[in-house]
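Given next are the chains, with one letter for each unit.
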Amino acid sequence: MARMSAEERRESVIRAAMHEFARGGYYGTSTEAIAKRVGVSQPYLFRLFPNKLAIFLAASERCMRDTREVFAAATEGLNGEDATRAMANAYTRLIAEDPDKLQMQLQMYVTVAAAEAVGDHELGELVRKGWMELWDTVCVPFGGDAKETTTFMAYGMLINTLAAMGFPPEHRVWEGLYPEAHVKGRLEK
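Residues numbered from 1 in each chain as written. Predicted model: local features only at pLDDT ≥ 70, side-chain atom pairs only at ≥ 80, totals over all residues. Heavy atoms only, no water.

1. Let's talk about the confidence of the model for the protein chain
Here is the rule: Across the chain, each position has a pLDDT score giving the predictor's confidence in that residue, from 0 to 100. The contact criterion used throughout is that any non-hydrogen atoms of two residues lie within 4.5 Å.
Scored by pLDDT, the protein chain comes out at a mean of 90, with 93% of its residues at no less than 70. Across residues 184-189 the pLDDT falls below 50, and counting only partners more than four positions away or on other chains, this stretch makes 19 contacts in the model.

Right, dumping it as C-alpha cells:
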C-alpha cells in the first residue's frame with residue numbers, strides 16, 4: 001500500500017476535523033480525537049497544521065467551500081425562481097446526506113460568537129469572509145439582487161434550524177418552504 005503524501009494526510013485531517021468539530025464544537029473537541037480519527041500522532045498533526053485554530057479554520061473553510069460548490073453546480077444556467085428551487089433542493093439534500101455539514105456550520109457560528117464575546121475577532125473575520133463568499137455565490141443567479149439573496153439565505157437559516165432540531169420532513173413547520181426542499185430533498189437521495 002502506498003504511503004499518503006502530506007497533502008493527502010492534510011485532507012484526511014480536514015475531513016476528520018469537520019466530523020469531530022461538528023459533533024463537539026471547537027472547545028469540546030480535542031486535537032487528540034482528530035489525530036486518532038485520522039490514525040496519526042498529535043505531533044504529526046501539528047506538523048500539518050500549526051495549532052488547533054488552524055485546523056478549525058481549515059475545516060470551516062472546507063465546509064463553506066463545499067456548500068458554495070453545491071449552490072454553484074445547482075444553479076448552472078438558471079436564474080430567478082428556477083435557481084431558488086435548485087439551490088434549496090440541493091442544499092437540503094446536502095445536509096440530509098451529510099449532517100456534518102450542517103452541524104459544522106452551526107458550530108462555526110457558536111465558536112465565532114464565543115470568541116467575539118472575549119474580544120477575539122480574528123476567527124470571526126475569517127468565518128465572515130467565508131460566509132460572504134457563500135453570499136456572493138447565492139447572489140449571482142439572482143442577478144445581484146440583495147433582497148432575493150437575503151430571502152434565500154433567511155430560508156436557508158430556517159432550514160438549518162428546523163433540521164438541527166430534528167423536525168421530520170412531514171411536520172407542519174416545513175409547509176411554507178418549497179415542497180421539493182422539504183420532501184424530495186430530505187427523502188430522496
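2. Here's the deal with the packing of aromatic side chains
Given two aromatic rings, their pairing is described by the distance between the two centres and the angle made by the two planes. Test applied: Aromatic rings from Phe, Tyr and Trp, taking only the six-membered ring of Trp, are treated as a pair when their centres fall within 6.5 Å; an angle between ring planes under 30 degrees marks them as stacked, one over 60 as edge-to-face, and anything in between as tilted. Burial classes follow relative accessibility: with a 1.4 Å probe on protein chains only, a residue under 20% of its type's maximum area counts as buried, one over 50% as exposed, and anything between as partly exposed. Elements are defined by DSSP. Helices are runs of H or I of four residues or more, strands are runs of E of two residues or more, and each kind is numbered from the N terminus. For a lysine, the NZ atom is tested; for an arginine, the CZ atom; a charge sits over a ring if that atom is within 6 Å of the ring centre and within 35 degrees of the ring normal.
Evaluation of the coordinates by the stated rule reveals 8 aromatic pairs. Summarising the aromatic geometry, the rings of tyrosine 26 and tyrosine 27 are spaced 5.0 Å apart at their centres and angled 85° between planes, so their arrangement reads as edge-to-face. With a relative accessible area of 15%, tyrosine 26 lands in the buried category. The class for tyrosine 27 is exposed, based on a relative accessible area of 56%. Considering the side-chain rings of phenylalanine 71 and phenylalanine 152, the 5.6 Å spacing of their centres and the 75° angle between planes classify their relative orientation as edge-to-face. Here the residue phenylalanine 71 occupies a position in helix 4 (residues 52-74), and phenylalanine 152 occupies one in helix 8 (residues 146-164), the gap between them amounting to 81 residues. Residues phenylalanine 71 and phenylalanine 152 agree in their burial class; the two are buried. By way of ring pairs, the aromatic residues Phe21, Tyr26, Tyr27 and Phe56 are connected into one cluster. If you follow lysine 52 out to its NZ or CZ, it ends over the ring of tyrosine 26, 4.7 Å from the centre.

3. Quick look at the pattern of salt bridges
A side chain of one charge can pair with a side chain of the opposite charge when the charged atoms of the two come close. Using the following cut-off: Salt bridges are defined as contacts in which a side-chain nitrogen from Lys or Arg sits within 4 Å of a carboxyl oxygen from Asp or Glu.
Under the definition given, this model contains 11 salt bridges. Between arginine 65 and glutamate 69 there is a salt bridge; the shortest N-O distance is 3.4 Å. You can see arginine 65 and its partner glutamate 69 sitting in helix 4, 4 residues apart, about one turn around the helix. Arginine 65 gets classed as partly exposed once you look at its relative accessible area, which sits at 30%. Judged by relative accessible area, which is 44%, glutamate 69 ranks as partly exposed. Counted as one network, the salt bridges with shared partners bring together Glu61, Arg68, Lys129 and Glu133.

4. What about helix 6 (residues 99-117)?
Short version of the rule: Between the first and last residue of a helix there are one fewer steps than residues, each counted as 1.5 Å, and that sum is the expected span.
Taking 1.5 Å of rise per residue, the 19 residues of helix 6 would be expected to cover 27 Å, and the 27 Å separating its terminal C-alpha atoms lies within 8% of that figure. Looking at helix 6, one finds that the buried residues are Asp100, Lys101, Leu102, Met104, Gln105, Gln107, Met108, Thr111, Val112 and Ala115. Residues of helix 6 that are buried sit in contact with helix 1 (6-24), helix 4, helix 5 (80-97), helix 7 (122-139) and helix 8. Glycine 119, located one to two residues past helix 6, shows a positive phi value of around 90°.

5. Quick notes on helix 8
We count it as follows: N or O atoms closer than or at 3.5 Å make up a polar contact, with two conditions inside protein: a donor-capable atom paired with an acceptor-capable one, and, for residues adjacent in sequence, both atoms drawn from side chains.
Compared with an ideal rise of 1.5 Å per residue, which puts 19 residues at 27 Å, helix 8 spans 26 Å between its outermost C-alpha atoms and is within 8% of the ideal. Those residues of helix 8 that sit buried are Thr149, Phe152, Met153, Gly156, Ile159, Asn160, Leu162 and Ala163. The distance from a side-chain oxygen at the start of helix 8 to the backbone nitrogen of lysine 147 is 2.8 Å, and the residue carrying that oxygen is aspartate 145. Positive phi shows up at glycine 166, right after helix 8, with a value of about 80°.

6. What about the nonpolar core?
As a reminder of what qualifies: Definition of nonpolar core: a set of buried residues of the types Ala, Val, Leu, Ile, Met, Phe, Trp, Tyr and Cys, connected through side-chain atoms within 4.5 Å.
By size, the foremost hydrophobic cluster in this structure holds 48 residues, and its most contacted members are Val13, Phe21, Ile34, Ile55, Met104 and Phe152. Sorting the residues of this core by element identifies helix 1, helix 2 (31-38), helix 3 (42-48), helix 4, helix 5, helix 6, helix 7 and helix 8 as the ones contributing at least two each. For this core, the leading source of residues is helix 4, giving 8 residues. When residues no more than four places from it in sequence are discounted, the contact partners of isoleucine 55 are Val13, Ala17, Phe21, Thr31, Ile34, Leu45 and Phe49.

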